[in-house]
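# Results of the structural survey
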Amino acid sequence: MAVFKTFLKIVNRNKFIIILYTVILITFAGFNMQTNDTSTSFVASKPDILIINKDENTGITNNLIKYIQNNSNIIDIEQSEEAINDALFYRDVNYIIYIPENYRQDFMNDLNPKIEIKSTGDYQASLAEMMLSRYIKVANTYKKDLNNEEDLIKRINETLEKEAKIEVTSKLDSDSLSRATFYYNFLNYSIIAGLVYIICLILSSFREEKIRKRTIISSMNYKKFNRQLLISNGILAIILWIFYVILSFILIGDIMFTKHGLILIANSFAFSICSLTIAFLIGNLINNKNAINGIINVIGLGSSFLCGAFVPVEWLPDSILKIAHILPSYWYIQSNEIIKTIEVVNIETLKPIFINISVIILFSVGYIILTNIITKNKRKIA
């Protein structure tokens, strides 16, 4: 109880600094949440194509041109090489198709006429390439069995008009889940940075000469002292965690009321407890208040960059992710990434998350044991 009273006095003495830093972190998290665009929706677009036809506009040649026209934006520019090259350079056109002389006649006579092309090499040009290749492959396939041009064109059109029926079976709100995952991934930095700063500030006050000497000569052993101090800091950590959870409901919305949202919250709670033990360990290692900001940069920013809080996990090299395994942040962020892909919530799909949370708990226990060892040794030295 004496430890808790002292803890409250120190918190009260530093309340303005603690509140200011907490507000800054919450504001920073909210700002990043609002400015981050996590939309992954795809909008189909048609490539800009220029057709230079040197053949008669009849038969199979005419059918090819109509197919291209129906599936692209046909660009009309001066048909000189200089104008064409300029159009490609300035991206006024993505793809240029040169239909050679006698293309229709050569094709019907099985002479395999070649269509030359020019392209910008971007994704629109690739789409145009796929379109042209599809027509030619279908035409060549039917030409092996059909010599009548009208029948050939009819079969080609029937095949090309067929479209795959796409049925979306997933009922996941992927956009909202992506936003929620981004927010809780970013929380890795906010929680660690906030707790390290606040707890190190408080523990450094316990290292003041008068308080330290009273603690050493008291009848309380170091384990009981650490336990009471850890519980006191734990209350502060839970308050900070609740602030961030409330903020997630405000910024993200209805998705936080679903099972996925509750799992994200539970995962962040486990990580908050682990961050508390990290901060408690660091607070017992350092005595200099001026070193706190440097520690935050190393621990908070380092773990966030290495484990995928700031940069999406899929963009990180395998070598970095292997190193990140030694940090609890990795297991926390991995759980968040798994949560956004779960369609049916059950024991089987949650198993990887349970494993990750268990690893985080083991980290927490390890940090507590390490803190007790360090505190015991420091008392002996004192």
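What counts and how
Residues numbered from 1 in each chain as written. Predicted model: local features only at pLDDT ≥ 70, side-chain atom pairs only at ≥ 80, totals over all residues. Heavy atoms only, no water. Helix = DSSP H or I, 4+ residues; strand = E, 2+ residues; numbered from the N terminus. Buried < 20%, exposed > 50% of the residue type's maximum accessible area, 1.4 Å probe, protein only. Contact = heavy atoms within 4.5 Å. Areas by Shrake-Rupley, 256 points an atom, 1.4 Å probe, with all protein chains shown as cover. Phe/Tyr/Trp six-rings, centres within 6.5 Å; stacked < 30°, edge-to-face > 60°. Axes fitted to C-alpha atoms, helices over the stretch in contact; angles between N-to-C directions. Parallel < 35°, antiparallel > 145°, perpendicular 65-115°, else oblique. Left-handed = near helix turned anticlockwise from the far one by under 90°. Patch = residues over 30% accessible without salt bridge, like charges linked within 9 Å, V, L, I, M, F, W, Y side chains within 5 Å. Salt bridge = Lys/Arg side-chain N within 4 Å of Asp/Glu carboxyl O. Lys, Arg positive; Asp, Glu negative; His and termini not counted. Charge placed at Lys NZ, Arg CZ, Asp CG, Glu CD. Polar contact = N/O pair within 3.5 Å; in protein donor to acceptor, adjacent residues only side chain to side chain. Expected span 1.5 Å × (residues − 1). Arc of directions from axis to C-beta. Pairing = 2+ DSSP bridges.

### Considerations on the overall build of the protein chain
Helix and strand counts for the protein chain come out as 15 helices and four strands. The proportion of buried residues among the 382 residues of the protein chain is 46%. Here the contacts in the protein chain between residues at least 6 apart in sequence split such that 78% fall between residues at least 24 apart. Carbon together with sulfur atoms contributes 59% to the accessible area of the protein chain, which is approximately 21300 Å² in total.

### Looking at the packing of aromatic side chains
All told, the structure shown has 13 aromatic pairs when counted by the stated rule. Measuring from ring centre to ring centre gives 5.5 Å for Tyr-67 and Tyr-135, while their planes differ by 35°; the resulting arrangement is tilted. Placement of Tyr-67 in helix H3 (residues 59-70) and of Tyr-135 in helix H6 (residues 123-143) is noted, with a sequence separation of 68 residues between them. Its relative accessible area of 1% is what places Tyr-135 among the buried residues. Measuring from centroid to centroid gives 5.2 Å for Tyr-330 and Trp-331, while their planes differ by 90°, and the two rings are edge-to-face. Here the two residues Tyr-330 and Trp-331 agree in accessibility, since each one is buried. Among the aromatic residues, those joined into a cluster by ring pairs are Phe-186, Tyr-189, Phe-305 and Phe-310.

### What about the packing of H6 against helix H7 (residues 149-161)?
Between H6 and H7, the least distance of the axes is 10 Å, while the angle of their chain directions is 135°. Put simply, H6 runs oblique to H7. Crossing of H6 against H7: the hand is right-handed. Each of Arg-134, Tyr-135, Val-138, Ala-139, Tyr-142 and Lys-143 in H6 lies in contact with H7, whose residues at this interface are Leu-152, Arg-155, Ile-156, Thr-159 and Leu-160.

### Brief notes about a negative patch on the surface
Where like charges cluster on the molecular surface, the negative patch consists of Glu-78, Glu-82, Asp-86 and Asp-92. In this fold, Asp-86 is placed in helix H4 (residues 81-89). Taking the relative accessible area as the measure of exposure, Asp-86 reaches 37% and is therefore partly exposed.

### Examining the side chain of Asn-94
Among the structural elements, Asn-94 can be located in the loop between H4 and strand E3 (95-99). Separated by 3.4 Å, the side chains of Asn-94 and Asp-122 make a polar contact.

### Focus on H7
Along an α-helix, residues three or four positions apart point the same way, because every turn accommodates 3.6 residues. Between its terminal C-alpha atoms H7 stretches 18 Å, which fits the 18 Å expected from 13 residues at 1.5 Å a residue. Every buried residue of H7 is listed here: Glu-149, Leu-152, Ile-153, Ile-156 and Leu-160. With its buried residues spanning 95° around the axis, H7 presents them on a single face. H7 presents Glu-150, Lys-154 and Glu-161 as exposed residues on the side facing more than 90 degrees away from its buried surface. For H7, the elements touching its buried residues are H3, helix H5 (103-108) and H6.

### Remarks on the sheet that holds strand E2 (residues 73-74)
Pairing is mixed across the open sheet formed by four strands, whose spatial order is E2-E1-E3-E4. Across the chains shown, the open sheet's two edge strands, defined by having one partner strand only, are E2 and strand E4 (116-119). Sheet topology places strand E1 (residues 48-53) next to E2; two bridges connect them, and they run parallel. Its bridge partner lying in E2, Ile-49 is registered against Ile-74. Lying over the sheet, H6 contacts E1, E3 and E4, oriented at roughly 30° with respect to E3.

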